[in-house]
Amino acid sequence: MTTAQTPQLDVQPSPLALLLLGRGADPRSERGVECPGDLPAPSDPDLVARARAAKEKLGSKVFVLGHHYQRDEVIQFADVTGDSFKLARDAAARPEAEYIVFCGVHFMAESADILTSDDQKVVLPDLAAGCSMADMATAEQVAECWDVLTEAGVAEQVVPVSYMNSSADIKAFTGKHGGTICTSSNAERALEWAFQQGEKVLFLPDQHLGRNTAVRDMGMSLEDCVLYNPHKPNGGLTAEQLRDAKMILWRGHCSVHGRFSLESVEDVRERVPGVNVLVHPECRHEVVAAADYVGSTEYIIKTLEAAPAGSKWAIGTELNLVRRLANRFAPEGKEIVFLDKTVCFCSTMNRIDLPHLVWALESLAEGTLVNRIEVDPETEAFAKLALERMLALP
């Protein structure tokens, strides 16, 4: 009796599989790879002292930015904290800083590189710190979408509006096609401007922010919105649907804010009588409709600052920030809870931890530039054009 030989299959892992395994590189993607050097152990008791020493050695040559969603262990070393656009502008306002260490995610570091001078170098402590939402719209997919709009005879009527949470490639596409960028704070103003330029808007890449702004803030109907799915032929839409729509929403979402549900809102109202529900506009439409307050990260912070002592709040945004706010306002008698029972950190944002920050700072202090994020000149020029249109909004 013979045993059949199992044939050796020449199977090569796909580029995406390699990226997910941390064994490949795609500089134009939010997905990154492991650090090229040796990280200190997370158990190292001297990590805080090492970070402090490296930062002191660098002095004014380094400027550390910390996004609101970062871990406390990282935030303690930030020179400024804020949302992505505020931090990028803060970096541009510090031309004397040779190194901008951005404790955030890839698209944020790209925005900082676009807005800072050529002499400044932007560093992302972990190249694998990306944004799943930004990855949901690639340059190739968006170019194909524009072809679909052209074939449907509506492209000339469409103005692209891209959320700040997008790659430099998408920002450049937006600038090249006469569009603008928006943040969660100024999305309504950006859409008002866009509808003065054309009859329709292609909103990238977060469907929820686009839908909530159009329907909740601007009085459009859900029927005015269609969802373009880049994984379906023609986006899963007919030419007639594209002609009838006012808002063409890209099928993208935030993996953190998309987790909150209407059941989350109903449950917290039962558990915490008298609670105020405050959520980010990246949440689903039914969550936003059921909330008491809706706004950007900065809006959330300012609302809690102004809240009366003894008030109760359920917050629908990233857990690191919610926990930090709960601790901050507890002495004032403000009760702040997470909207959902399930822990909901931003997993990619949390890749920036103390070992990665120490490694980046110590490398820079030793004269070694690591993990530089650099946008090519053509992409930068068109992306900056879109950002400048946003800055010029009334």
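Here's a quick rundown of the structure. All values reported here derive from a predicted model rather than from experimental measurement. (Residues numbered from 1 in each chain as written. Predicted model: local features only at pLDDT ≥ 70, side-chain atom pairs only at ≥ 80, totals over all residues. Heavy atoms only, no water.)

Orientation of helix α9 (residues 187-197) relative to helix α10 (residues 207-217), taken along the N-to-C sense of each, is 80°, at an axis distance of 10 Å. In terms of orientation, α9 lies roughly perpendicular with respect to α10. Along its contact with α9, which presents A187, E188 and L191, the element α10 presents L209, T213, A214 and D217. By residue class, the composition of the contact of α9 with α10 is four nonpolar, one polar and two charged. (Axes fitted to C-alpha atoms, helices over the stretch in contact; angles between N-to-C directions. Helix = DSSP H or I, 4+ residues; strand = E, 2+ residues; numbered from the N terminus. Parallel < 35°, antiparallel > 145°, perpendicular 65-115°, else oblique. Contact = heavy atoms within 4.5 Å. Nonpolar A, V, L, I, M, F, W, Y, C, P; charged D, E, K, R; others polar.)

The subject of this paragraph is the pairing of strand β12 (residues 312-316). For β12, the tally of buried residues reaches four of five residues, placing the bulk of the element in the interior. Assessed by its sense of winding, the connection that carries the chain from β12 through helix α15 (residues 319-329) to strand β13 (residues 335-338) is right-handed. (Buried < 20%, exposed > 50% of the residue type's maximum accessible area, 1.4 Å probe, protein only. Right-handed = clockwise from strand over helix to strand, strands pointing away.)

This part is about the pattern of salt bridges. Taken as a whole and judged by the stated rule, the model has 17 salt bridges. A salt bridge links D126 to R351, with the shortest nitrogen-to-oxygen separation between them at 3.1 Å. Of this pair, D126 sits in the loop between β4 (121-123) and α6 (132-135) while R351 sits in the loop between β13 and α16 (354-365); the two residues are 225 residues apart in sequence, bridging distant segments of the chain. Classification of D126 as buried rests on a relative accessible area of 1%. (Salt bridge = Lys/Arg side-chain N within 4 Å of Asp/Glu carboxyl O.)

A separate point is the sheet that holds strand β10 (residues 276-279). One open sheet holds the four strands; their spatial order is β11-β10-β12-β13, and the pairing between them is parallel. The outermost strands of the open sheet, each flanked by one partner alone, are β11 (293-294) and β13. Note that β12 and β13 share four bridges and pair parallel. By the bridge assignment, K312 is partnered in β13 with E335. (Pairing = 2+ DSSP bridges.)

Let's shift gears to unusual backbone geometry. Residue P205 is bonded to the preceding L204 through a cis peptide linkage, with omega at -20°. Structurally, P205 is set in the loop between β7 (200-204) and α10. A positive phi angle is found at N234, which is not glycine, with a value near 55°. By the element assignment, N234 lies in the loop between β8 (225-228) and α11 (239-244). At N371, a position not held by glycine, the phi torsion is positive, near 50°. The topology assignment puts N371 in the loop between α16 and β14 (372-373).

Right, let's talk about the pairing of strand β9 (residues 247-250) for a bit. Moving residue by residue along a regular strand, the side chains alternate between the two faces of the sheet. Along β9, one buried face is formed by M247 and L249 and the opposite face, lined by I248 and W250, is buried too. Pairing of β7 with β9, which is carried by three bridges, proceeds in the parallel orientation. Paired with L202 across the strands is I248, a residue of β9. Pairing of β8 with β9 involves four bridges; the strand directions are parallel. Note that in β9 the partner of L227 across the bridge is L249. Between the parallel elements β8 and β9, the chain passes through α11 in a crossover that is right-handed.

Moving on, we get to the sheet that holds β4. Taken together, five strands build an open sheet; the order of strands is β2-β1-β3-β4-β14 and the sheet is mixed. The outermost strands of the open sheet, each flanked by one partner alone, are β2 (80-82) and β14. Bridging between β4 and β14 involves two bridges; their strand directions are antiparallel. Its bridge partner being in β14, V122 is matched across the sheet by I373. Docked against the sheet, α16 engages β1 (62-67), β3 (99-103) and β4, running at close to 175° with respect to β3.

Okay, helix α2 (residues 47-58) next. Under the 1.5 Å per step criterion, the end-to-end length of α2 is 17 Å for twelve residues, consistent within 8% with the ideal 16 Å. Where α2 is buried, its residues contact β1, β3 and α16. Just downstream of α2, G59 is the residue with a positive phi angle, here 60°. (Expected span 1.5 Å × (residues − 1).)

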